[in-house]
Amino acid sequence: FRAQNLHTGRAAVWLARGDIAQRHGALDEAVLAYERAIAAAPMSPDAPMALASLLRGHGQAARALAVLERFAARCPAGGPLALHARLALALGRNDGAELANAARSFRDQGGGDEALLRKTAHELAARGRPALAERIIAVLPVADDDVRLRLQLGLALADNAKVEMLLATTPPALLGGPLPMA
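Since we're looking at a predicted model, the values are computed, not measured.

Moving on, we come to unusual backbone geometry. Note: most peptide bonds trans; most residues except glycine with negative phi. Backbone geometry places Asn 94, a non-glycine residue, at a positive phi of 55°. Here Asn 94 is to be found in the loop between α5 (80–92) and α6 (96–109). Overall, the relative accessible area of 48% leaves Asn 94 in the partly exposed class.

Here it is as structure tokens:
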């Protein structure tokens, strides 16, 4: 137990160093720190996800995908880490169909963490990836806090039928003001 905590502690330090280096624009230093965090705690999803995001953000999509594939290979099949890895791989591959399937599995088998899926959909929409955001949000029940996002995605994807249905069934107070036009 103590050795595991020691490794987890080291991983947290390396993860924090990677985050700091990333904020300061030191790409090589951030990559090295994240790789050391992965080595210290190979079953933790935090460092592989951070490293993949960093690499993707710097135009190294293939390298980011390789990081996620290695993490997925380490995860026990069917467990919560495998579900995280499956979601991350689908995102990394821009595979909308697999993303929807992974989101469904995550929702049904991953403890029902709909908040994480909603957060991911919001982040994708903010990054200009409405089609992938829609694939995630579509597998979730409609909630008051995501109606605005669903409308924005419908506008961005020119899904007029969905926009009209949401507008017809949503109380104006939930819209929270004017929507941007696509």
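This paragraph deals with the nonpolar core. Within the largest apolar cluster, 21 residues are counted, with the highest numbers of intra-cluster contacts made by Leu 15, Tyr 34, Leu 51 and Leu 55. Listed by contribution, the elements that provide at least two residues to this core are α1 (2–23), α2 (27–40), α3 (46–57), α4 (61–74) and α5. Each residue touching Leu 51, except ones within four places of it in the same chain, is listed here: Val 31, Tyr 34, Glu 35, Ile 38 and Val 67.

Right, let's talk about the pattern of salt bridges for a bit. Tallying each qualifying case throughout the model produces nine salt bridges. Taking the shortest distance from any N to any O, the salt bridge between Glu 69 and Arg 93 comes out at 3.0 Å. Taken as a pair, Glu 69 in helix α4 and Arg 93 in the loop between α5 and α6 lie far apart in primary sequence, 24 residues in all. What makes Glu 69 partly exposed here is its relative accessible area of 35%. The partner of Lys 162 in a salt bridge is Glu 134, with the nearest N and O atoms 2.5 Å apart. Of this pair, Lys 162 sits in helix α10 (residues 160–169) while Glu 134 sits in helix α8 (residues 130–137), and the two are 28 residues apart along the sequence.

Okay, the side chain of Arg 150 next. Counting through the fold element by element, Arg 150 comes out in helix α9 (residues 147–156). In this structure, Arg 150 is in contact with Ile 137, Ala 138, Leu 140, Pro 141, Val 142 and Leu 166, ignoring residues within four places of it in sequence.

A separate point is the packing of α5 against α6. Contact geometry for α5 and α6: axes closest at 9 Å, N-to-C directions at 160°. As judged from the angle between their axes, α5 and α6 are roughly antiparallel. Two packed elements cross with a definite hand, and for α5 against α6 that hand is left-handed. Contact residues: Leu 83, His 84, Arg 86, Leu 87, Ala 90 and Leu 91 in α5; Glu 98, Leu 99, Asn 101, Ala 102, Ala 103, Ser 105, Phe 106 and Gln 109 in α6. Classifying every residue of the contact of α5 with α6 gives eight nonpolar, four polar and two charged.

For an α-helix the count is 3.6 residues per turn, leaving residues at separations of three or four pointing the same way. Taking 1.5 Å of rise per residue, the 13 residues of α5 would be expected to cover 18 Å, and the 18 Å separating its terminal C-alpha atoms lies within 8% of that figure. Looking only at α5, the buried set comprises Ala 82, Leu 83, Ala 85, Leu 87, Ala 88, Leu 89, Ala 90, Leu 91 and Gly 92. Positive backbone phi, approximately 55°, marks Asn 94, located one or two places after α5.

Turning our eyes to something else, we now look at the environment of Asn 94. Considering only alpha carbons, one finds Asn 94 and Ala 61, 33 residues apart in sequence, at a separation of 10 Å. Setting aside residues no more than four positions away along its own chain, Asn 94 makes contact with Arg 129 and Leu 132. Among the polar contacts made by the side chain of Asn 94, one reaches the side chain of Arg 129 at a distance of 2.2 Å.

So, about the layout of surface pockets. Looking at the largest pocket, its volume works out to about 630 Å³. Along the walls of the largest pocket sit 21 residues, with Met 49, Leu 91, Leu 116, Thr 120 and Glu 123 positioned nearest its centre. When residues in the lining of the largest pocket are grouped by element, the largest group, six residues, is from α3. Considered class by class, the residues forming the lining of the largest pocket number eleven nonpolar, three polar and seven charged.

Calculation notes
Residues numbered from 1 in each chain as written. Predicted model: local features only at pLDDT ≥ 70, side-chain atom pairs only at ≥ 80, totals over all residues. Heavy atoms only, no water. Helix = DSSP H or I, 4+ residues; strand = E, 2+ residues; numbered from the N terminus. Buried < 20%, exposed > 50% of the residue type's maximum accessible area, 1.4 Å probe, protein only. Core = buried A, V, L, I, M, F, W, Y, C linked by side-chain atoms within 4.5 Å. Contact = heavy atoms within 4.5 Å. Salt bridge = Lys/Arg side-chain N within 4 Å of Asp/Glu carboxyl O. Axes fitted to C-alpha atoms, helices over the stretch in contact; angles between N-to-C directions. Parallel < 35°, antiparallel > 145°, perpendicular 65-115°, else oblique. Left-handed = near helix turned anticlockwise from the far one by under 90°. Nonpolar A, V, L, I, M, F, W, Y, C, P; charged D, E, K, R; others polar. Expected span 1.5 Å × (residues − 1). Polar contact = N/O pair within 3.5 Å; in protein donor to acceptor, adjacent residues only side chain to side chain. 1 Å grid on protein atoms, 1.4 Å probe; cavity = no way out; pocket = protein on both sides within 12 Å on 5 of 7 lines; lining within 4 Å. Points joined across faces, edges and corners; volume = space filled by probe spheres on them.

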